[in-house]
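Structure assessment
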Amino acid sequence: MYKTIQHKVTSPLVNMGPIKLRQPLPTKGIENVDPFLLLHHYGPYVISEFNNPFDLGPHPHRGFEPITLLFKGEQLHRDSLGNEMVVKAGDVQWTTAGCGIIHSEGPTKEFVKKGGELEGIQLWLNLPAKDKMMPPNYQHLEEKQIPNLFSDDKKVQLNIIAGNQNEEFGLIKTQTEVNVFTAAVDKGGEMEINIPESHQSLVYLLNGKVIVNKLEVLEKGESQMITFKQEGNTIHFEAKTTSTLLILSGEPIHEKIAQYGPYVMNTQTEILEAMRDYEQGKMGYLY
Ligand code: MN
């Protein structure tokens, strides 16, 4: 049985400092899709030496997992654990902030010089209270390491980043049960995805046009995200034109959320502690 559609929303442009990006979550009427707290879709920007709008300097995080899925371009990730990794289109960087990490990301110098399009997704996945102060960790997957499966007619490629679909398992280690999939779909391609009844879930359209559950249309520039109620155990999509999708589901954490800036904790006191710990250098250093 298809999962029941709960909300269908646009992906409005918002300002994050000087950066303009799309933010379908949180949005009017949807605070989060527990355990997913925030979804940013940045680009495609045409990057050059004269236009480099997405370059985030060192900043801290605590209490959740910031995840980047890069679709176009090339970025450099650096963090206070000593990681320095080039992230290419199709790659995934999965940061577990835990008790604290400082990281920076932006297009590589070489990419800025050469020029080209940059596009990606940033996703905030909450951690349960018991894991918020775990040691920070960084997982990196190159595109070629990511397991995938195809529809019979090969028009749909589903990439399994975390969780599983049928017998394909993602390589990312997660603290709670989540599925993170992307799909590249040619015109006419369709697929039915299995999602447990206990999961909250959503489908986000990066580009193209699809019909979800043979009922609702998602189209770039119009509605781009559908969230589902827990009841039901499949999600179906069919592409009307070449499309790119992000499909997320997870076991809800059901805990109180205190969120401020780059920190996601359970209480205001813990937020104040995070601010103090960062100022005192307890989240490490990144030069
Ligand atoms: Mn960050």
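Residues numbered from 1 in each chain as written. Predicted model: local features only at pLDDT ≥ 70, side-chain atom pairs only at ≥ 80, totals over all residues. Heavy atoms only, no water.

Attention shifts here to the overall build of the chain. Across its full length, the chain holds two helices and 24 strands. A globule of 287 residues ought to have a C-alpha radius of gyration of about 19 Å, and the chain, at 18 Å, matches this closely. Along the three orthogonal principal directions, the C-alpha set of the chain runs to about 55 × 45 × 35 Å. In the chain, which comprises 287 residues, the proportion classed as buried is 52%. Taking the contacts inside the chain whose residues are at least 6 apart along the sequence as the reference set, 72% of them involve residues at least 24 apart. A total accessible area of about 12,900 Å² is found for the chain, and carbon and sulfur atoms account for 50% of it. Taking the average place of the 27 positive charges on the side chains of the chain and the average place of its 36 negative ones, the gap between the two points comes to 4 Å. (Helix = DSSP H or I, 4+ residues; strand = E, 2+ residues; numbered from the N terminus. Rg over C-alpha atoms; globule rule 2.2 N^0.38 Å. Buried < 20%, exposed > 50% of the residue type's maximum accessible area, 1.4 Å probe, protein only. Contact = heavy atoms within 4.5 Å. Areas by Shrake-Rupley, 256 points an atom, 1.4 Å probe, with all protein chains shown as cover. Lys, Arg positive; Asp, Glu negative; His and termini not counted. Charge placed at Lys NZ, Arg CZ, Asp CG, Glu CD.)

All right, on to the nonpolar core then. One recurring pattern in soluble globular proteins: nonpolar side chains tend to sit buried together. Ranked by internal contacts, the top residues of the largest apolar core, which has 26 residues, are Leu39, Trp94 and Leu246. Of all the secondary-structure elements, those providing two or more residues to this core are β4 (36-47), β6 (64-72), β9 (92-96), β11 (116-126), β14 (156-162), β17 (178-185), β19 (200-212) and β22 (234-250). Looking at this core, you find at least three residues from each of domain 1 (20-145 + 258-287) and domain 2 (147-255). If sequence neighbours within four positions are ignored, Leu39 has contacts with Arg22, Gln23, Pro24, Leu25, Ile121, Gln122, Leu123, Leu202, Tyr204, Met225 and Leu246. (Core = buried A, V, L, I, M, F, W, Y, C linked by side-chain atoms within 4.5 Å. Domains from an automatic or database assignment.)

Alternating residues of strand β18 (residues 190-194) divide into Met191 and Ile193, all buried, and Glu190, Glu192 and Asn194, none buried. Bridge analysis of β18 against β22 gives five bridges, and the strand direction is antiparallel. Within β22, the residue paired with Glu190 across the bridge is Glu238. (Pairing = 2+ DSSP bridges.)

Next up on the list: the layout of surface pockets. Empty space within the largest pocket amounts to approximately 290 Å³. For the largest pocket, the lining is made up of 17 residues, of which Phe71, Gly90, Glu143, Asn159 and Thr182 are closest to its centre. Elements supplying a minimum of two residues to the lining of the largest pocket: β6, β14 and β17. Taken together, the residues of the lining of the largest pocket sort by class into nine nonpolar, six polar and two charged. (1 Å grid on protein atoms, 1.4 Å probe; cavity = no way out; pocket = protein on both sides within 12 Å on 5 of 7 lines; lining within 4 Å. Points joined across faces, edges and corners; volume = space filled by probe spheres on them. Nonpolar A, V, L, I, M, F, W, Y, C, P; charged D, E, K, R; others polar.)

With that settled, the discussion passes to the sheet that holds strand β5 (residues 56-61). Strand pairing in a sheet takes place through backbone hydrogen bonds and is either antiparallel or parallel in direction. Strand order in this open sheet of four strands is β5-β10-β7-β8, and the pairing throughout is antiparallel. Both outer strands of the open sheet, β5 and β8 (84-88), are each paired with one neighbouring strand and no more. Looking at each pair of strands side by side, their axes are set apart by 25 degrees on average, direction ignored. Here strand β7 (residues 74-79) runs beside strand β10 (residues 101-107); their pairing, made up of five bridges, is antiparallel. The partner of Arg78 across the bridge, within β10, is Ser104. (Axes fitted to C-alpha atoms, helices over the stretch in contact; angles between N-to-C directions.)

Throughout the structure, instances matching the rule amount to four aromatic pairs. An aromatic cluster is defined as three or more aromatic residues linked by ring pairs; in this entry it consists of Tyr42, Tyr45 and Phe54. (Phe/Tyr/Trp six-rings, centres within 6.5 Å; stacked < 30°, edge-to-face > 60°.)

Looking at the chain, the domain boundaries give domain 1 (20-145 + 258-287) and domain 2 (147-255). The interface is formed by 28 residues belonging to domain 1 together with 32 residues belonging to domain 2. With both sides pooled, the region where domain 1 packs onto domain 2 buries about 2,600 Å², and carbon together with sulfur makes up 72% of that total. Its largest share of buried area at the contact with domain 2, domain 1 owes to Asp34, Phe36 and Trp94, together 21% of the area lost on that side. (Buried area = accessible area lost by both parts, 1.4 Å probe.)

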